Amino acid sequence: MSTLVPATIFLQSESFIYALYIVAFMLMIFGLRGLVGPKTAVRGNRTAAVGMAIAVIATLLSPQEGRWGLIVLGVVLGTVVGVPAARQVKMTAIPQMVALFNGVGGGAVALISWVEFRHYGSTYGSHIATAAAGEGFATYTTPAVPTYIAIFSVAAAIIGSVSFWGSNIAFAKLQEILPGRPITLGSSQQFVNGLLAVLAIAAGVALVAGVHSELLFIGMLLAAALLGNAVVLPIGGADMPVVISLLNAFTGISAAATGVALNNPAMIVFGMMVGASGSILTKLMADAMNRSIPAIMAGGFGGGGAVEGAAGAGEHAGTVHSIGAADAAIQLAYASHVVVVPGYGMAVAQAQHAVRELAKELEKRGIEVSYAIHPVAGRMPGHMNVLLAEADVPYDQLKEMDDINPEFQRTDVSLVIGANDVTNPAAKTNPSSPIYGMPILEVADSKSVIVIKRSMNPGFAGIENELYYDPKTAMLFGDAKTAVADIVSELASV
Amino acid sequence: MIIASTLTTNLAILVLAGFVGFIVISKIPNTLHTPLMSGTNAIHGIVLVGALILVGLGGLGTFSDVLLVIAVAFGTINVIGGFLVTDRMLEMFKRKPPKPDDDPEKRP
């Protein structure tokens, strides 16, 4: 490293590396702008990827010890895990995948902060001390780091650890390794959460103030880890999309905090982009469910109302009108305008291809088909759009809630496939319903409704759906994929 | 490198990046929010850069090296996995050339 040719000096200069970072920021922002429409999105994503590659290469250019073996080992490990996962994941499993990847990012932040502490922790809380590094490795002098760096590093460790564990729990719930219903300590939950948060922050403050104990740092990571578990476990399946985006924001913000601690603008900018994205999506989804973010984080929703639902079922018993595939086919064949309302049930049954087949058959008969997409349909915002795109449904047939709601009045048949709470009229009519005030797809306005559903069990939110007792609603019980395929074959004989 | 940092410059970058992020992201339609989220998975893969900086410092001891290799691997999973999944999803949104005999069941 001592005999450098001038070109290398230039390439390794901070100015050149910063210039590359600026190019990376521009590519990243242009890339994200591409996501405004499906036509430009593929190029946008690739532009952003080039920006990321430039940021990584620029970092590798900076003067360093050249421990390429470790770097190659890490990159190879990451590639061996990441590439097959990305190639093979099913579109229905994207929410789990996002949760898992999100956790991995938070975990990396926590590990980075840990190493920072091992390296500089002995100087935390002292601006001038020249101290020896911790035990166990060669003693060398480390200049003291400013206190704000210690603060950002420790804060990133806490947020990263919460995000890692919280995301893993979200993954386990979505993957059904853990039950989707809330797992809660009951009334002491809030106290436990608060205590863990206080413990983690207190440990962080002590570390920043100059308590140089690696055990304390590990204790802080553990308290944050328990907090991540304790916050996400009580949250029910219905609220998972909100949790994933909130944790996404957390990971981004922790990456930005690490960027401040390492004086690295690329980490600050990219981290804040993710922080902004996660925050916006969290807010949008909470609004689409008419719930406040604190209420969602308090947990317990999504399964808790099941008893209430059962009582409701008793009250309504006997008024459900059940039909077979042949009747459904006739009803659809004589319609002129059909709206398909897909929900997560369609995704679980992998029915999107069958639905596309049905739509093609109906279009052949000159029937107008469109799809009504609720903002929280599926398990992630926009998840339904991905599943339908996978089945080659043209995206201009996919209508967002505000555009399709006025259309229901001129709709002959609304075909509800595996969607439940997002069609529940109780959200508009029953102030005592837990989902009262949530914007819904106004399916009940259409001339008739066919609901394909496995059973009368209530949905994620555990709330009885009045739509099923509406006289103009017909229930077609069965697996979504089989039921839709049956309708397609019955259509042939109509 | 850490010593040369200035808090105010970095806070300015942080705040401005936040604003740019809000402006750019709020224009993205609901249709593309799932690809956006997996795209942001890739973007917070920038933690890879942080791990690389610390690896480059050297002399941190074996245990720190182990932690850093894991962090590099995690960052790589984010970057490569995130961009690949997003690319796969967005390709589906592209209007495909109409094929005369389109078999919708070709994908599992």
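How each quantity is defined
- Residues numbered from 1 in each chain as written.
- Chains lettered and ligands numbered in written order.
- Predicted model: local features only at pLDDT ≥ 70, side-chain atom pairs only at ≥ 80, totals over all residues.
- Axes fitted to C-alpha atoms, helices over the stretch in contact; angles between N-to-C directions.
- Helix = DSSP H or I, 4+ residues; strand = E, 2+ residues; numbered from the N terminus.
- Parallel < 35°, antiparallel > 145°, perpendicular 65-115°, else oblique.
- Contact = placed C-beta atoms within 7 Å.
- Nonpolar A, V, L, I, M, F, W, Y, C, P; charged D, E, K, R; others polar.
- pLDDT = per-residue confidence, 0-100.
- Domains from an automatic or database assignment.
- Core = buried A, V, L, I, M, F, W, Y, C linked by C-beta atoms within 7 Å.
- Buried ≥ 20, exposed ≤ 12 C-beta atoms within 10 Å, placed from the backbone.
- Expected span 1.5 Å × (residues − 1).

## Some points on the packing of helix H3 (residues 38–61) of chain A against helix H2 (residues 33–43) of chain B
Helix-helix packing is described using two parameters, namely the angle between the two axes and the distance between the axes. The geometry of H3 of chain A relative to H2 of chain B is characterised by a closest axis approach of 11 Å and an angle of 10° between their N-to-C directions. It follows from the interaxial angle that H3 of chain A and H2 of chain B lie roughly parallel. Residue-level inspection shows Ala 41, Asn 45, Ala 48 and Met 52 of chain A of H3 of chain A in contact with H2 of chain B, the latter providing Pro 35, Gly 39, Ala 42 and Ile 43 of chain B. Each residue belonging to the contact of H3 of chain A with H2 of chain B can be placed in one class, and the counts come to 6 nonpolar, 2 polar and no charged.

## Details of the confidence of the model for chain B
Reading fine detail from the predicted coordinates is not recommended where pLDDT is low. Residues and elements named next belong to chain B. Of all residues in chain B, 82% attain a pLDDT of 70 or more, and the chain-wide mean is 85. When pLDDT is averaged over each element of chain B, helix H4 (residues 62–93) comes out on top at 95 and helix H3 (residues 47–57) at the bottom at 93. This prediction of the complex comes with two scores: 0.85 for pTM and 0.87 for ipTM.

## Things to note about unusual backbone geometry
All names here are of chain A. With a phi close to 65°, Glu 176 is a non-glycine residue in the positive phi region. Even without a glycine there, the phi angle at Gln 350 is positive, about 55°. In this structure, Gln 350 sits in the loop between helix H14 (344–348) and helix H15 (352–364).

## Considerations on the domain arrangement of chain A
Residue and element names in this part refer to chain A. Each assigned domain of chain A is listed with its residue range as follows: domain 1 (1–88), domain 2 (92–298) and domain 3 (317–491). Inter-centroid distance (C-alpha atoms) of domain 1 to domain 2 is 24 Å. Take the side of domain 1 that touches domain 2: its biggest share by element is 5 residues, from helix H2 (residues 14–33). Its residues assigned to classes, the side of domain 1 that touches domain 2 shows 6 nonpolar, no polar and no charged.

## Some words on the nonpolar core
If you look at the biggest cluster of nonpolar residues, it comprises 204 residues, and the most contacted ones within it are Ile 417 and Val 484 of chain A together with Ala 51 and Val 72 of chain B. Among the elements that make up this core, the one with the highest residue count is H4 of chain B (17 residues). Not counting residues up to four positions away in its chain, the partners in contact with Val 72 of chain B are Ile 71, Gly 74, Val 75 and Gly 78 of chain A together with Leu 48, Ala 51, Leu 52 and Val 55 of chain B.

## Regarding helix H19 (residues 480–491) of chain A
For H19 of chain A, spanning 12 residues, the distance from its first C-alpha to its last is 16 Å, which sits close to the expected 16 Å at 1.5 Å a residue. For H19 of chain A, the elements touching its buried residues are helix H13 (325–333), H14, H15, strand E6 (413–417), strand E7 (448–453) and strand E8 (473–477) of chain A.

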